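Below, each chain spelled out in residue letters.
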Amino acid sequence: MKYQVETITVASGTSGITAHEIVLDRQYSTASFMEVVTISNGGDSGFNVGLEDANGVIQTPTHHKTFEHRGGGYIDGLKPMQLDAQGKKYDVTIKTGTLSSDLKIQVIFYLEK
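How each quantity is defined
Residues numbered from 1 in each chain as written. Predicted model: local features only at pLDDT ≥ 70, side-chain atom pairs only at ≥ 80, totals over all residues. Heavy atoms only, no water. Helix = DSSP H or I, 4+ residues; strand = E, 2+ residues; numbered from the N terminus. Contact = heavy atoms within 4.5 Å. Phe/Tyr/Trp six-rings, centres within 6.5 Å; stacked < 30°, edge-to-face > 60°. Pairing = 2+ DSSP bridges. Axes fitted to C-alpha atoms, helices over the stretch in contact; angles between N-to-C directions. Buried < 20%, exposed > 50% of the residue type's maximum accessible area, 1.4 Å probe, protein only.

**Here's the deal with the environment of Glu52**
- With respect to the element layout, Glu52 can be found in strand 4 (residues 48–53).
- Sequence separation of Glu52 and Ile94 is 42 residues, and the distance between their C-alpha atoms is 11 Å.
- Those residues in contact with Glu52 that sit more than four places away from it in its chain are Val57, Ile58, Tyr90, Asp91 and Thr93.

Next comes the structure, spelled out in structure tokens:
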């Protein structure tokens, strides 16, 4: 098992939907869980996060707290996803109002062989 951590920054003044490409580690077969950790909300406490791949939308942009740890044991508190890893590309989409400062998050994938 491995945690793959991707840090995403959306610049101050941005609004609407932005896409941020990530590539999951090709040495692992599955991403079983996903978590979003907010470092700075850029002045938009209600921003949304979604996930897409080449085939389309996997998770429509929804309130970022949907992806935050929900308590209990560490794995039990994560958002289940069941994604192919193996070097596959995904777009993390972030939908915001106009940001008054940079928005910065970490997206964490729980990878398994």
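Still more to cover.
**Section: the packing of aromatic side chains**
- Per the stated rule, a full pass over the model turns up two aromatic pairs.
- Geometrically, the ring pair formed by Tyr3 and Tyr110 is edge-to-face, given 5.6 Å between the ring centres and 65° between the ring planes. Taken together, the residues Tyr3 in strand 1 (residues 2–10) and Tyr110 in strand 8 (residues 103–112) connect sequence positions 107 residues apart.
- Ring geometry for Phe33 against Tyr110: centres 5.6 Å apart, planes inclined by 75°, an arrangement best described as edge-to-face.

**As for the sheet that holds strand 6 (residues 79–84)**
- Spatial ordering of the open sheet is given by 1-8-3-6, a layout of four strands whose pairing is antiparallel. In the strand order of this sheet, the two ends are held by strand 1 and strand 6, each with one partner. Going from strand to strand, the sheet's axes swing by 30° on average, the running direction of each strand aside.
- Here strand 1 pairs with strand 8 via nine bridges, running antiparallel.

**Regarding the sheet that holds strand 5 (residues 56–63)**
- What the four strands build is an open sheet, ordered 2-7-4-5; its pairing is antiparallel. Taken across any chain shown, the strands that pair with only one partner, and hence form the sheet edges, are strand 2 (16–23) and strand 5. The sheet shows a mean angle of 20° between the axes of neighbouring strands, taken without regard to direction.
- For strand 2 and strand 7 (residues 89–96), the ladder comprises eight bridges, and the chain directions are antiparallel. Of the residues in strand 7, the one forming a bridge with Gly16 is Thr96.

**Considering the pairing of strand 4**
- Burial runs high along strand 4: five of the six residues are buried.
- Where strand 4 lies against strand 5, five bridges are found, and the strand directions are antiparallel. When the sheet's bridge partners are listed, Leu51 is paired in strand 5 with Gln59.
- The turn joining strand 4 and strand 5, which pair antiparallel and follow one another in sequence, is formed by two residues.
- Sheet topology note: the strand 4/strand 7 ladder contains five bridges and is antiparallel. When the bridges of strand 7 are listed, Glu52 appears paired with Asp91.

Without other data, these values stay purely geometric and don't point to any function.
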